[in-house]
Amino acid sequence: MPLTTAEIRTLYSGVQEYYEDFDQPGIRVTSVYQADGRMTFAWSFRGEVRQGTGRWYAENGQLCIDYDALLPTPETPDPNCRSMTGVRGDRSTLLGATNERGLLGGTIILQPIE
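Residues numbered from 1 in each chain as written. Predicted model: local features only at pLDDT ≥ 70, side-chain atom pairs only at ≥ 80, totals over all residues. Heavy atoms only, no water.

Some details on the pattern of salt bridges
How we decide: Whenever Lys or Arg places a side-chain nitrogen within 4 Å of a carboxyl oxygen from Asp or Glu, that contact is recorded as a salt bridge. A run of DSSP states H or I qualifies as a helix once it reaches four residues; a run of E qualifies as a strand once it reaches two. Both are numbered from the N-terminal end. Under the scheme applied here, a residue whose accessible area is under 20% of the maximum for its type counts as buried, over 50% as exposed, and between as partly exposed, the area being computed with a 1.4 Å probe on protein chains only.
For the structure on display, the rule yields four salt bridges. Residue arginine 82 is joined to glutamate 17 by a salt bridge in which the shortest nitrogen-to-oxygen separation is 2.9 Å. Placement of the pair is arginine 82 in strand S6 (residues 80-88) and glutamate 17 in strand S1 (residues 15-21), with a sequence separation of 65 residues. On the basis of relative accessible area, arginine 82 is assigned to the buried category, the value being 14%. Look at glutamate 17 and you get buried, because its relative accessible area is 2%. Note that glutamate 20 is salt-bridged to arginine 28, the shortest N-O span being 3.4 Å. Residue arginine 28 is classed as partly exposed on the basis of its relative accessible area, which comes to 44%.

Here we look at the pairing of strand S3 (residues 38-45)
We apply this condition: Strand pairing is defined by DSSP finding a minimum of two bridges between the two strands.
Only one face of S3 is covered, namely the one carrying Met39, Phe41, Trp43 and Phe45; the face carrying Arg38, Thr40, Ala42 and Ser44 has none of its residues buried. Bridging between strand S2 (residues 28-33) and S3 involves six bridges; their strand directions are antiparallel. Across the sheet, threonine 30 pairs through a bridge with alanine 42, a residue of S3. The pairing of S3 with strand S4 (residues 48-59) spans eight bridges and is antiparallel. In the strand pairing of S4, alanine 42 is matched with glutamine 51. Count of turn residues in the S3/S4 antiparallel hairpin: two residues, of which arginine 46 carries a positive phi of about 50 degrees.

Take a look at the structure:
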């Protein structure tokens, strides 16, 4: 079931995200989402690693990221928004990110920042 804007805002305030892409196997992203909307990330694919910063927000039932430097490719939209579905556990949250075709594009694990 899709998450609401309020649910996304609550889930992403003060967490670390581990993302693995289905559309492009091998892409992994680790991001930290601060409660004030700042975020940092490390993106890796086939031995290449890139890091960056941006701002995150939730609107219209989507998580949106506005990257300070567009990453990883020119075809990545900025801001990059995606619908979310999920299940919340005791210590972590498992989410799915829906791509622009409406298909599940990857898996996400959220854990509180320690």
